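Reading the structure
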Amino acid sequence: MSNIPSELRYATSHEWVRNEGDGTVTVGITEHAQELLGDMVFVELPEVGESVSTGDDVAVAESVKAASDIYAPVSGEVIEVNEDLEDSPELVNSDAFGDGWMFKIKLDDASEVEALLDAEGYANSIDED
Amino acid sequence: MTNKTVLHAKHIEAGAKMVDFHGWEMPINYGSQIEEHHAVRQDAGMFDVSHMTIVDLHGNDAKAYLRRLVINDVAKLEVAGKALYTGMCNTNGGVIDDLIIYYFSDTDYRLVVNSATREKDLEWMHQQATGFDISIIERPEFAMIAVQGPQAKAKVATILSAEQNQAVEGMKPFFGVQAESLFIATTGYTGENGYEIVVPQNEAEDLWQQLLDAGVKPCGLGARDTLRLEAGMNLYGLDMDESVSPLAANMAWTIAWDDEDRNFNGREVLAKQRAAGDQLKLTGLVLKEKGVLRTGLKVISTDENGETGEGVITSGTFSPTLGHSIAMARVPRSVKVGDIVEVEMRKKLVKVEVVKPSFVRNGKSQLD
């Protein structure tokens, strides 16, 4: 069973969301997701300044096995992307919840975060996979 | 029913992620397939290939039988231990399997064939044996470990007996020798130096552990696939199968035409195809930008008359050694090395370069 930190929120499409408490969130993919994908070889990130809506495909995680779309778990504006992933996509494998973060979003609606799954809800959702 | 090799417990012990591979539960990786890949290119890695099928062939007609069974000519084999890569075709010229044949004498050979094709291979071999004085003996009592990489031979040397080391000393590529209980061959599927070692099942775990203690890294099927693709080696079932001519699978070099009286299976059809020049060809593709060429993607080419042709990627992957994607693709014969063709990837047409289907050998890029 992979690690699912309790302080984060989750989408069923395997993104994690950390509420920074200042109207912004940090987004990445879960340890479970990187385990399914295997070694990451490219990560395509959104443009800073781009407006995204919940459910939009905004990034691509390409592993040795497959290319997977990453969806915006909340609506807002992309304010930062993890440029380290350009040269070191393996950070997604080695530290999915830390250095492997993908992008930050300035929330349109702060309550959207609360609507996401908590750790228990996400654990249940991957049990059903 | 899932088969397990005798090394199954050693894989679990090493933290392997196991997958079903044509009915065998095999390690796909032990954590990171890219690290395993680099271990083979830079140092030494080992693969459990015990699922592969070893078949020994004995009898007065062994040579005559093989001269009909396979498209290369075993008459070329004159030195004991010499190995030959070739294909076994049906009478329509389709590839039933690719295999390695080790020569011991004109009445004594060892064949190593793929596991996924084991049943049909054996059925075909038995069917073809009618009228020949031979016995076809499968050897499931052996396990097989491939040790590959620039340091593979040196690391193996530390665990062999004096007599075994003497037996393999100076052995050229593509030879095999029985040394005490081990059959040690300078063959492989990675484009690196190393050995494939056939070991009695009851000694396999000890051998694996000794190799581990000698610093050889366990590698799974994931790394095996990226290594063989970088080396430009075909994988049966992807790059060729019974519907594909060896002429369309970069296997023309494994066909021996010289002896016109040698009526190998498929010869008539293959000779016509060769004269007509009408077969597709297997070539290499390189994508230097982001993205990974994947098996099954469509390849669109344009010939000098402006005619559009269509091909398909038979094997595609990310090349850990080169840091970008490579593929093998079956394309119209008019497509030449250096051409730019288009591949439909994630709803976009992406330009890729056509290269010879050999990307990395002995740790070095074969690209310009």
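Provided above is the structure to which this section pertains.
The structure reproduced in this document is the subject of the present report. Counting starts from 1 at the beginning of each chain's written sequence and moves along it residue by residue. Whichever chain is written first becomes A and whichever ligand is written first becomes 1, with later ones labelled in order. Totals for whole chains, interfaces and linings use every residue, but because this is a predicted model, local features are given only for residues with pLDDT of at least 70 and side-chain atom pairs only at 80 or more, for both listing and counting. Processing note: side-chain calculations cover all non-hydrogen atoms of the structure and skip hydrogens and water entirely.

Focus on the overall build of chain B
Along the backbone of chain B there are 9 helices and 22 strands. Note on method: radius of gyration uses C-alpha positions; expected globular size equals 2.2 Å times residues raised to 0.38. The globule rule puts the C-alpha radius of gyration for 368 residues at 21 Å, and the 21 Å found for chain B is close to it. Seen through its principal axes, chain B has C-alpha atoms that stretch 65 × 50 × 45 Å. In chain B, which comprises 368 residues, the proportion classed as buried is 55%. Contacts are assigned to residue pairs with any non-hydrogen atoms lying within 4.5 Å of each other. Here the analysis covers contacts within chain B between residues at least 6 apart in sequence; of these, 66% occur between residues at least 24 apart. Surface accessibility in these figures is a Shrake-Rupley result with a 1.4 Å probe; residues are shielded only by whichever protein chains are displayed. Here chain B has roughly 15,800 Å² of accessible surface; of this, 48% comes from carbon and sulfur atoms. Positive charges are assigned to Lys and Arg, negative charges to Asp and Glu, while His and the chain termini are left out of the count. Where a charge lies is defined by one atom per residue type: Lys uses NZ, Arg uses CZ, Asp uses CG and Glu uses CD. Each charge sign in chain B was given a centre, from 38 positive and 51 negative side chains, and these centres are 6 Å apart. Segments assigned H or I by DSSP are reported as helices when at least four residues long, segments assigned E as strands when at least two residues long, and all are numbered from the N terminus. For every residue, the accessible area obtained with a 1.4 Å probe (protein chains only) is divided by the maximum for its type, and the residue is called buried under 20%, exposed over 50%, and partly exposed between those limits.

Concerning the interface of chain A and chain B
Residue-level contacts link 16 residues of chain A with 13 residues of chain B. Buried area: the accessible surface (1.4 Å probe) lost by two parts on joining, summed over both. With both sides pooled, the region where chain A packs onto chain B buries about 1,200 Å², and carbon together with sulfur makes up 47% of that total. The largest contributions to the chain A side of the interface with chain B come from Asp39(A), Phe42(A) and Val64(A), which together make up 46% of the buried area. A salt bridge links Lys290(B) to Glu86(A), with the nearest nitrogen and oxygen atoms 3.4 Å apart. The definition of a polar contact used here is a pair of N or O atoms within 3.5 Å, where within protein one atom must be able to donate a hydrogen and the other to accept one, and adjacent residues in sequence count solely through side-chain atom pairs. At the junction of chain A and chain B, the tally comes to 13 residue pairs in polar contact (both at pLDDT 80 or more). For the side of chain A that touches chain B, the secondary structure elements donating two or more residues are strand E4 (40–44), strand E6 (57–63) and strand E7 (67–71) of chain A. For this analysis, a salt bridge means a side-chain nitrogen from Lys or Arg found within 4 Å of a carboxyl oxygen belonging to Asp or Glu.

Focus on the packing of helix H2 (residues 33–42) of chain B against helix H8 (residues 221–230) of chain B
Residues and elements named next belong to chain B. At a minimum axis distance of 8 Å, the contact between H2 and H8 shows a crossing angle of 50°. Classed by the angle they form, the pair H2 and H8 counts as oblique. Here H2 runs over H8; the crossing is right-handed. Side by side, H2 and H8 meet where Gln33, Glu36, His37, Val40 and Arg41 of the first sit next to Gly222, Ala223, Thr226, Leu227 and Glu230 of the second. We call Asp, Glu, Lys and Arg charged. Ala, Val, Leu, Ile, Met, Phe, Trp, Tyr, Cys and Pro are nonpolar, and the rest, Gly among them, are polar. Taken together, the residues of the contact of H2 with H8 sort by class into 3 nonpolar, 4 polar and 3 charged. Think of each axis as a best-fit line through the C-alpha atoms, taken over the contacting stretch in the case of a helix, with angles from 0 to 180 degrees between the N-to-C directions. Small angles under 35 degrees read as roughly parallel and large ones over 145 as roughly antiparallel, with 65 to 115 read as roughly perpendicular and the rest as oblique. Whether a crossing is left-handed or right-handed is set by the direction in which the near helix is turned from the far one by less than a right angle, anticlockwise for left-handed and clockwise for right-handed.

Describing the sheet that holds E7(A)
Residues and elements named next belong to chain A. At least two DSSP bridges between two strands are needed for those strands to be called paired. Taken together, the 3 strands give an open sheet; going across it, the order is E4-E6-E7, and neighbouring strands pair in antiparallel fashion. Every other strand in the sheet has two partners, leaving E4 and E7 as the edge strands with one partner each. Each strand axis lies, on average, 25° off the axis of its neighbour in the sheet, ignoring direction. Bridge analysis of E4 against E6 gives 4 bridges, and the strand direction is antiparallel. Directly across from phenylalanine 42, in E6, lies its bridge partner glutamate 62.

Here's the deal with a negative patch on the surface
All names here are of chain A. Residues enter patches when they are more than 30% accessible in relative terms and free of salt bridges; like-charged ones are connected within 9 Å and nonpolar ones (Val, Leu, Ile, Met, Phe, Trp, Tyr) within 5 Å. There is a patch of like negative charges on the surface, built from Glu47, Glu50, Asp56 and Asp57. Position of glutamate 47 relative to the elements: it lies in the loop between E4 and strand E5 (51–52). Glutamate 47 sits in the exposed class, given a relative accessible area of 59%.

As for the nonpolar core
Take the buried Ala, Val, Leu, Ile, Met, Phe, Trp, Tyr and Cys residues and link them wherever side-chain atoms come within 4.5 Å; each set so joined is a nonpolar core. In this structure, Phe47(B), Tyr102(B), Met144(B), Met240(B), Ile255(B) and Leu270(B) are the most contacted members of the largest nonpolar core, which totals 33 residues. Looking at this core, the elements that each hand over two or more residues are strand E6 (83–89), strand E7 (95–105), strand E10 (142–148), strand E12 (182–185) and H8 of chain B. Beyond its immediate chain neighbours, meaning those up to four positions away, Phe47(B) contacts Val40(B), Met144(B), Ile145(B), Ala146(B), Gln148(B), Thr190(B), Trp208(B), Cys219(B), Gly220(B), Ala223(B), Arg224(B) and Leu227(B). With 27 residues, the next largest nonpolar core counts Ala33(A), Val52(A), Val81(A) and Val92(A) among its residues.

Remarks on helix H3 (residues 62–69) of chain B
Since the α-helix packs 3.6 residues into each turn, any two residues three or four apart lie on the same face. All names here are of chain B. Taken as a whole, H3 has its buried residues at Ala62, Tyr65, Leu66 and Leu69. Seen end-on, H3 carries its buried residues on one side only, within an arc spanning 95°. Looking at the packing, one finds that the buried side of H3 touches strand E5 (53–58), E6, E7, strand E8 (108–113), helix H4 (118–128) and strand E9 (135–138). It is the directions from the helix axis to the C-beta atoms whose arc is reported.

Some words on unusual backbone geometry
Residue and element names in this part refer to chain B. Backbone geometry places glutamate 180, a non-glycine residue, at a positive phi of 50°. Among the secondary structure elements, glutamate 180 is positioned in the loop between strand E11 (176–179) and E12. Here glutamate 180 falls in the partly exposed class, since its relative accessible area comes to 43%. The phi torsion at arginine 346 lies on the positive side, around 45°, for a residue other than glycine. Locating arginine 346 in the fold gives a position in the loop between strand E19 (340–345) and strand E20 (348–355).

Coordinates in, geometry out; function isn't part of it.
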